[in-house]
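Survey of secondary and tertiary structure
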Amino acid sequence: MNLPDPSALAERAHSALARCGAEWPTGNLTARTPITGTEIRTLEQHSADDVNGAVAAAHDAFGDWRTVPAPIRGAVVRQLGRLLSEHKTDLAELVTLEAGKISSEALGEVQEMIDICEFAVGLSRQLYGRTMPSERPGHRLMETWHPIGVVGVISAFNFPVAVWSWNTAIALVCGDTVVWKPSETTPLTALACHTLLRRALADCDAPRGVHQLVIGGRDVGAALVDNPQVALVSATGSVRMGREVAPRVAARFGRSLLELGGNNGAVVTPSADLDLAVRGIVFSAAGTAGQRCTSLRRLIVHESIADELVARISAAYAQLQVGNPFDDGVLVGPLINDAAFEAMQSALTAAQSSGGTVVCGGERVGDTGCYVRPALVRMPKQSEIMHTETFAPILYVVTYNEFDDAIALHNAVPQGLSSSIFTLDQREAERFLAADGSDCGIANVNIGTSGAEIGGAFGGEKDTGGGRESGSDAWKAYMRRATNTINYSDQLPLAQGVEFG
Ligand code: UN1
């Protein structure tokens, strides 16, 4: 495999950051690239005290920001969207450098940011509350949505910018201020986004304090989670992380919005259009080297078509180019680090010891970085290893005979993020989307599990944490609701007909 020179990669990061207007940082945290596994740069790591300082600054800024009319707040987000468009390729470069995504997917991720900015600008004029009929004469009953306060955003390496933007664009139009703790694996990408947002704030004469960036590991995250001035903690990451975050935030009666692991499945029924299914499956399972929360990990196939489908996926996998994510034609970039590679190998070993057969893939490619061929594994049944999310490109295949069993198998795992069915049978499709169908937050028909648009609410059930981000009415999580009763009469009738005095 032909990989670029590490110093050339560092130089690419340097120029992309410079074009975004960010300083070339220095400090005690090492930013690396999974492309070669080497250092790009060092940058300053924050302490718990720094986090508390950032929260205090965001809290101060909130005092004014909450009273700025929402459409004016929208103007900042509009400007952010413009800057993101202008720097789309710079940001995509950084995403490829730090997260290892192929260029097309990196550009797609930046596009998600641009899209959510547009959505949020529109939303800034649509933060609707309801008016209800009052049971009392001369009274009006209504609700008002107010900003909630400081939002702590904790994001993961695999979507280093899109998930931040879903939270931040919406939070800002809602009148909240944001403290962002990105993954310590993708700090330079975060620095670029933070710089662009600060530029947008300056361009609109808005207070710079509304957005704060804190860089570091668990202690930085913990300081954010425990700070009582953080009204909402929106955290994306592992189920293990969510189990730590949720009780700590709940203990101080803060709110949390969790987007945790997925262990996404697709059902393929006898009527499926297999050409389309294979394309959808391969993108969802092997794309992003299996490192999306929405990556397809479990295939539940009718036994009559299983051999054919497995053969076709395996043939498609053989065509996948694994390598430098900057290269044209490469569809699978590196895993993020050695730990991801080790986790993949032990999952494959576990699958084999439960009777699974590796049809293809799983082996390392080259001797630099962590490049692997996506693995396809036939399993005799949905054993324990299929109940856990391994953040790597492993697609397990099990078969079913009765459609009800397919749904039961599909729902039998602890996670509940994304799901899909490939079928041309309307009864099966509708059943999959019905109350007794898929139990996930996202349920698709004839597309894969990954690659959701920003317009819908994104998130899932069970161990996935229950939060919803991005489109639809997910904005409500970033606001507090006040119910208002206004008496415009000269009487004081009590509700429920109560007499008092
Ligand atoms: C994630 O993996 O955390 O639906 C987010 C998708 C992307 C977002 C994934 N739009 O695959």
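Computed from a predicted model, the values in this text were never measured in an experiment. (Residues numbered from 1 in each chain as written. Predicted model: local features only at pLDDT ≥ 70, side-chain atom pairs only at ≥ 80, totals over all residues. Heavy atoms only, no water.)

1. Let's talk about the overall build of the chain
- Scanning the chain from terminus to terminus reveals 14 helices and 23 strands.
- Whereas a compact globule of 501 residues would reach a radius of gyration of roughly 23 Å, the chain reaches 24 Å, a difference of no more than 12%.
- Within the span of the chain, comprising 501 residues, buried residues form 56% of the whole.
- Counting only contacts in the chain whose residues sit at least 6 apart along the sequence, the fraction spanning at least 24 positions is 74%.
- When the accessible area of the chain is evaluated, it comes to approximately 20,000 Å², of which 50% is carbon and sulfur surface.
- The distance from the centre of the 40 positive side-chain charges to the centre of the 56 negative ones in the chain is 4 Å. (Helix = DSSP H or I, 4+ residues; strand = E, 2+ residues; numbered from the N terminus. Rg over C-alpha atoms; globule rule 2.2 N^0.38 Å. Buried < 20%, exposed > 50% of the residue type's maximum accessible area, 1.4 Å probe, protein only. Contact = heavy atoms within 4.5 Å. Areas by Shrake-Rupley, 256 points an atom, 1.4 Å probe, with all protein chains shown as cover. Lys, Arg positive; Asp, Glu negative; His and termini not counted. Charge placed at Lys NZ, Arg CZ, Asp CG, Glu CD.)

2. Let's talk about the site of the ligand
- What surrounds the ligand is the set Glu112, Asn158, Phe159, Trp166, Glu259, Arg292, Cys293, Thr294, Ser450, Gly451, Ala452 and Phe458.
- The side chain of glutamate 112 places a nitrogen or oxygen atom 2.7 Å from a nitrogen atom of the ligand.
- Contact with the protein chains removes 100% of the 320 Å² of surface that the ligand exposes when unbound.
- When its residues are assigned to classes, the shell around the ligand shows five nonpolar, four polar and three charged. (Near = heavy atom within 4 Å. Polar contact = N/O pair within 3.5 Å; in protein donor to acceptor, adjacent residues only side chain to side chain. Nonpolar A, V, L, I, M, F, W, Y, C, P; charged D, E, K, R; others polar.)

3. Focus: the sheet that holds strand β12 (residues 357-360)
- Across the sheet, seven strands lie side by side as β12-β15-β16-β11-β10-β18-β19; this open sheet has mixed pairing. Because the sheet does not close on itself, it has two edges, and the strands there are β12 and β19 (442-445). Across the sheet, the mean angle separating the axes of adjacent strands is 25 degrees when strand polarity is ignored.
- Across five bridges, the pairing between strand β11 (residues 296-302) and strand β16 (residues 394-400) is parallel. In the sheet register, leucine 299 faces β16, and the bridge partner there is valine 397. (Pairing = 2+ DSSP bridges. Axes fitted to C-alpha atoms, helices over the stretch in contact; angles between N-to-C directions.)

4. What about the confidence of the model for the chain?
- For the chain, per-residue confidence averages 98 on the pLDDT scale, and 100% of positions sit at 70 or higher.
- On the interface metric, ipTM, the complex scores 0.98, and its pTM is 0.97. (pLDDT = per-residue confidence, 0-100.)

5. Quick word on the UniProt feature "domain: Aldehyde dehydrogenase" (unreviewed entry) in the chain
- Feature annotation in UniProt places "domain: Aldehyde dehydrogenase" (unreviewed entry) on residues 30-481, given in this structure's numbering.
- Within the segment residues 30-481, helix and strand shares are 40% and 21% respectively, and the terminal C-alpha atoms sit 42 Å apart. (UniProt positions renumbered as here; feature names shortened; annotations may be inferred.)

6. Comments concerning a nonpolar patch on the surface
- Side chains of Leu492, Leu494, Val498 and Phe500 sit close together on the surface and give an oily, nonpolar patch of about 470 Å² of accessible area.
- A relative accessible area of 35% places leucine 494 in the partly exposed class. (Patch = residues over 30% accessible without salt bridge, like charges linked within 9 Å, V, L, I, M, F, W, Y side chains within 5 Å. Salt bridge = Lys/Arg side-chain N within 4 Å of Asp/Glu carboxyl O.)

7. Notes on the pattern of salt bridges
- According to the stated counting rule, one finds 18 salt bridges in the structure shown.
- Residues glutamate 109 and lysine 101 are paired through a salt bridge, measuring 2.7 Å at the closest nitrogen-oxygen approach.
- Taking relative accessible area as the criterion, glutamate 109 reaches 1% and is therefore assigned buried.
- Judged by relative accessible area, which is 3%, lysine 101 ranks as buried.
- Arginine 218 is paired through a salt bridge with glutamate 244; the nearest N and O atoms lie 3.0 Å apart. Taken together, the residues arginine 218 in helix α8 (residues 218-226) and glutamate 244 in helix α9 (residues 239-251) connect sequence positions 26 residues apart.
- Exposure remark for arginine 218: the relative accessible area of 56% places this residue in the exposed category.

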